[in-house]
Amino acid sequence: MIIVHYLEKSRAHRVLWLLEELGVDYDVRTYRRTKEFRAPESLKAIHPLGKSPVVEDDGRVVAESGAIMEYLVDRYGGDTLRPPPGMDERLRYTYWMHYAEGSAMPLLVMKLVFAGLPARMPFFLRPTARMISKGVSERLIDPQLADHVALWKAELARGGWFAGDAFSAADIIMSYPVEAGVTRIAQGQDIAVIRKWMEAIRARPAYRRAVERGGNIYGYSST
């Protein structure tokens, strides 16, 4: 049976969701974060970097969200959850599978780090830290993130999903950057097409089952 090493409040939710969509049996081993919000040292016994998600399957240890999802779709998906080879949609699918962690998440993590910077500084340095955080966000991060939101909107307007007119694993991997991103960067923007997509993925039975297995990391009601 597949074992998913699941760190609480992490991107590992997407792996559970994919496994639920595939109808594959799996076991979840949950790890609690430390008071510094880091993964526990015990995860390093599974993978040297001590990161999550990590899956074990038939003697293999696979890390990195994108690599895990490609492995699971290749092994258990058959012709499902991705467009057929040779189609334009397949190229778009491949793009989004790599874009999610390669382009979207670094900016979102950077925004999170700078937003939390003032609170980590000594009291007398916090005003300066707030100025730095605000300046970096407004001048460097937010303009780039606005471009990303525009890209998401344009793609979803084409067919309702992230790789054509059918749900695929690209929608699963994009769920974290989009759901996390719209709460931080979409103020004042028309994101109706994104919200419609979010409602569609949250309504999927497999998504809801994954929330039940791993917990709700986004803070909305799943009922």
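The structure displayed is predicted, hence computed values, not measured ones.

Chemist: Give me unusual backbone geometry: which residues, what numbers.
Modeler: Working note: non-glycine residues mostly have negative phi, and peptide bonds are mostly trans. Cis rather than trans, the peptide bond between serine 52 and proline 53 has omega equal to 10°. Mapping proline 53 onto the fold places it in the loop between strand S2 (26–31) and strand S3 (54–57). In this model, aspartate 58 sits at a positive phi of 55°, which is unusual for a non-glycine residue. Assignment of secondary structure puts aspartate 58 in the loop between S3 and strand S4 (60–63). Residues other than glycine seldom take positive phi values, yet leucine 81 does so here, at roughly 65°. Note that leucine 81 resides in the loop between helix H2 (65–77) and helix H3 (88–120).

Chemist: Which residues make up the packing of helix H4 (residues 126–159) against helix H6 (residues 192–202), and what are the values?
Modeler: Relative orientation of the contacting elements H4 and H6 amounts to 65°, with a least axis distance of 9 Å. As summarised for this structure, H4 and H6 are arranged roughly perpendicular, according to the angle between their axes. Crossing of H4 over H6 shows left-handed handedness. Packed against H4, whose contacting residues are Val149, Trp152, Lys153, Leu156 and Ala157, the element H6 presents Val193, Ile194 and Trp197 at the interface. The class makeup of the residues in the contact of H4 with H6 is seven nonpolar, no polar and one charged.

Chemist: Could you give an account of helix H1 (residues 13–22), with specific residues and numbers?
Modeler: H1 sits mainly inside the fold: nine of its 10 residues count as buried. Of the residues making up H1, those classed as buried are His13, Arg14, Val15, Leu16, Trp17, Leu18, Leu19, Glu20 and Leu22. Positive backbone phi, approximately 70°, marks glycine 23, located one or two places after H1.

Chemist: Any details on the nonpolar core? Residues and values, ideally.
Modeler: Counting residues in hydrophobic clusters, the biggest one holds 50 residues, and the most contacted among them are Val4, Leu72, Trp152, Phe162, Met174, Val178 and Ile194. Tallying contributions element by element places helix H5 (residues 169–185) first for this core, with seven residues. Judged by nonpolar contacts, the second largest core, of eight residues, contains Leu107, Ile141, Leu145 and Ala180.

Chemist: Could you give an account of the packing of aromatic side chains, with specific residues and numbers?
Modeler: Per the counting criterion, the structure on display carries eight aromatic pairs. Arranged with centres 5.1 Å apart and planes meeting at 85°, the rings of phenylalanine 162 and tryptophan 197 form a pair that is edge-to-face. Residue phenylalanine 162 is found in the loop between H4 and H5, and its partner tryptophan 197 is found in helix H6; the two are separated by 35 residues along the sequence. Given the relative accessible area of 2%, tryptophan 197 is considered buried. Feature note: the residues Tyr95, Trp96, Tyr99, Phe162 and Trp197 constitute an aromatic cluster, connected by ring pairs. Between arginine 204 and the ring centre of phenylalanine 167, over which it is positioned, the NZ or CZ distance is 3.6 Å.

Chemist: Lay out the UniProt feature "domain: GST N-terminal" (unreviewed entry) in the chain with the relevant residues and their values.
Modeler: Per the UniProt record, "domain: GST N-terminal" (unreviewed entry) is annotated on residues 1–80. Helix makes up 29% of residues 1–80 and strand 25%, and the two end C-alpha atoms of the span are 21 Å apart.

Conventions adopted
- Residues numbered from 1 in each chain as written.
- Predicted model: local features only at pLDDT ≥ 70, side-chain atom pairs only at ≥ 80, totals over all residues.
- Heavy atoms only, no water.
- Helix = DSSP H or I, 4+ residues; strand = E, 2+ residues; numbered from the N terminus.
- Axes fitted to C-alpha atoms, helices over the stretch in contact; angles between N-to-C directions.
- Parallel < 35°, antiparallel > 145°, perpendicular 65-115°, else oblique.
- Left-handed = near helix turned anticlockwise from the far one by under 90°.
- Contact = heavy atoms within 4.5 Å.
- Nonpolar A, V, L, I, M, F, W, Y, C, P; charged D, E, K, R; others polar.
- Buried < 20%, exposed > 50% of the residue type's maximum accessible area, 1.4 Å probe, protein only.
- Core = buried A, V, L, I, M, F, W, Y, C linked by side-chain atoms within 4.5 Å.
- Phe/Tyr/Trp six-rings, centres within 6.5 Å; stacked < 30°, edge-to-face > 60°.
- Lys NZ or Arg CZ within 6 Å of the ring centre and 35° of its normal.
- UniProt positions renumbered as here; feature names shortened; annotations may be inferred.

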